[in-house]
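Here are the chains, one letter per residue:
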Amino acid sequence: MSLSIPSVPYLVTLGETMALLTAEHPGPLAHVSTMGLGIGGSESNVAIGVQRLGGNAVWCGRVGADSLGQLVTREIRAEGVTVRITEDPAAPTGLMLKERRTLSTQKVSYYRAGSAGSRISPSDLDLLLIAGASILHVSGITPALSESAAATVREAMDLARENGVTVSFDLNYRANLWAADAAGHSYRALIPLADVVFAGDDEAALAVGKAESPAELAERMAALGPAQAIIKLGSEGAVAFIDGELFHQSAMPIQPVDTVGAGDAFVAGYLTELMAGSAPAQRLELAAKTGAFACLAYGDWEGLPRRAELGLLQQNESVTR
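All of the points below concern the structure found in this document. (Residues numbered from 1 in each chain as written. Predicted model: local features only at pLDDT ≥ 70, side-chain atom pairs only at ≥ 80, totals over all residues. Heavy atoms only, no water.)

Some words on the nonpolar core
Within the largest apolar cluster, 47 residues are counted, with the highest numbers of intra-cluster contacts made by Leu14, Leu136, Met157, Phe169, Tyr187 and Met221. For this core, the leading source of residues is helix H4 (residues 147-162), giving six residues. Ignoring sequence-local partners within four residues, the contact set of Tyr187 consists of Gly140, Phe169, Leu171, Asn172, Tyr173, Trp178, Pro192, Glu203, Leu206 and Ala207. (Core = buried A, V, L, I, M, F, W, Y, C linked by side-chain atoms within 4.5 Å. Buried < 20%, exposed > 50% of the residue type's maximum accessible area, 1.4 Å probe, protein only. Helix = DSSP H or I, 4+ residues; strand = E, 2+ residues; numbered from the N terminus. Contact = heavy atoms within 4.5 Å.)

Digging into the packing of helix H8 (residues 262-275) against helix H9 (residues 280-294)
For any two helices packed against each other, the geometry comes down to the angle between their axes and how far apart the axes lie. It is at 7 Å that the axes of H8 and H9 come closest, and there the two elements cross at 150 degrees. Considering the angle they form, H8 stands roughly antiparallel to H9. Judged by the sense of rotation from one axis to the other, the crossing of H8 with H9 is right-handed. Each of Ala262, Ala265, Phe266, Gly269, Tyr270, Glu273 and Leu274 in H8 lies in contact with H9, whose residues at this interface are Gln282, Arg283, Leu284, Leu286, Ala287, Ala288, Thr290, Gly291 and Ala294. Of the residues contributing to the contact of H8 with H9, the split by class is ten nonpolar, four polar and two charged. (Axes fitted to C-alpha atoms, helices over the stretch in contact; angles between N-to-C directions. Parallel < 35°, antiparallel > 145°, perpendicular 65-115°, else oblique. Left-handed = near helix turned anticlockwise from the far one by under 90°. Nonpolar A, V, L, I, M, F, W, Y, C, P; charged D, E, K, R; others polar.)

Examining the side chain of Thr93
Topologically, Thr93 is positioned in the loop between strand E5 (82-88) and strand E6 (95-99). Judged by relative accessible area, Thr93 falls into the buried class, the value being 7%. Among the polar contacts made by the side chain of Thr93, one reaches the main-chain amide nitrogen of Gly64 at a distance of 2.9 Å. Reaching out from Thr93, the side chain makes a polar contact with the backbone nitrogen of Gly69 at a distance of 3.2 Å. Residue contacts for Thr93: discarding those within four places in its chain leaves Thr17, Ala19, Val63, Gly64, Asp66, Leu68, Gly69 and Val72. (Polar contact = N/O pair within 3.5 Å; in protein donor to acceptor, adjacent residues only side chain to side chain.)

Some words on the pairing of strand E12 (residues 238-242)
Every regular strand shows the same layout, with side chains that alternate between the two sheet faces. Across the five residues of E12, five count as buried, placing the element largely inside the fold. In E12, alternate side chains face the same way, and those of Ala238, Ala240 and Ile242 on one face and Val239 and Phe241 on the other are all buried. Bridge count between strand E11 (residues 228-232) and E12: five bridges; the pairing is antiparallel. Note on E12: the bridge partner recorded for Ile230 is Ala240. (Pairing = 2+ DSSP bridges.)

Re the side chain of Thr152
Considering the arrangement of structural elements, one finds Thr152 in helix H4. Overall, Thr152 belongs to the buried group, its relative accessible area being 0%. Among the polar contacts made by the side chain of Thr152, one reaches the main-chain carbonyl oxygen of Ile120 at a distance of 3.4 Å. Polar contacts involving the side chain of Thr152 include one to the main-chain amide nitrogen of Ser121, which spans 3.4 Å. Thr152 has contacts with Leu14, Ile120, Ser121, Pro122 and Leu125, leaving out every residue within four places of it along the chain.

A short note on the packing of aromatic side chains
For the structure on display, the rule yields three aromatic pairs. Taking 6.1 Å as the distance between ring centres and 80 degrees as the angle between the ring planes, the aromatic pair formed by Trp178 and Tyr187 counts as edge-to-face. When its relative accessible area of 14% is taken as the criterion, Trp178 is described as buried. Centroid distance Phe198 to Tyr270: 5.4 Å. Interplanar angle 85 degrees. Geometry classified as edge-to-face. Residue Phe198 is located in strand E10 (residues 196-200), and its partner Tyr270 is located in helix H8; the two are separated by 72 residues in the primary sequence. Judged by its relative accessible area of 0%, Tyr270 is buried. Members of the aromatic cluster, each reached through a chain of ring pairs, are Phe169, Trp178 and Tyr187. (Phe/Tyr/Trp six-rings, centres within 6.5 Å; stacked < 30°, edge-to-face > 60°.)

Digging into the environment of Ala222
Here Ala222 is to be found in helix H7 (residues 214-223). Beyond its immediate sequence surroundings of up to four residues, Ala222 is in contact with Ala229 and Phe241.

What to know about the pattern of salt bridges
All told, the structure shown has 15 salt bridges when counted by the stated rule. With a closest N to O distance of 3.9 Å, Lys98 and Asp258 form a salt bridge. Highlighted residues: Lys98 in strand E6 and Asp258 in the loop between strand E13 (245-249) and H8, separated in sequence by 160 residues. The residues Lys98 and Asp258 share a single accessibility class, namely buried. Note that Arg220 is salt-bridged to Glu216, the shortest N-O span being 2.6 Å. Of the two residues, Arg220 and Glu216 both sit in helix H7, four residues apart, roughly one turn of that helix. For Arg220, a relative accessible area of 28% gives the class partly exposed. (Salt bridge = Lys/Arg side-chain N within 4 Å of Asp/Glu carboxyl O.)

As structure tokens, then:
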């Protein structure tokens, strides 16, 4: 069923969001007695990030007809994101487990084979919703889930291009979902359909081969078609090749507590400013700030900032009164 279309500029994204169980204390998961329950998913992380920064976002996905599906839907909707859900009574909502093996390392395990989210299909797409968007954002996680999920991403990108919608693609490689060769083959097919492409340096190398520098990786990705190619370098900042010009962005100096979700936060900041018509330097600066904020709190998306909070990164006073 097609619901009403937002009347303001908006980003639309699609993918799987899962329930997330996180160990509350470091140590082997076998000996953890308490875990926190939440949600996590790359595309919904981006949607929440855009919404918190004052933009407008729509997240589309499938969940099971179960309590975890209700949790996913409620949490994303509570962040102000418009939610377009297909409820699948024949499959469960996917699940992640996050183990804090030491104070500084984490391990994430996925239970998503045959999940509702992996069964997303082109029939779930809303043509009018995609055609009316300012940006369509997809990630390389979804094509790895199933043949129908891969077909859904491809059709969504095609629909967006046909309607003049800016297409954003984050490679977001997950080694436990598919082999590097298969991922690289998929990336090379999808990158030419994107206007904006994001990748870590190792991810970019899967698509365009190893290079002597991140700048070369960005230029090679741009040569495949996107006008904007951004290499995310974590604590080293980012390098971008945008409309034929090279940009360097430094990372914000912080003491991270949890880096999971930082890449999604970076993407959210960049796309929010892109949707607002800001210059490349402003896009990259906000991306660096939102990526830094995501590292300052535990969780995939909980630490994403609102605009009024961005100045806290440079604040000298530890207490605000």
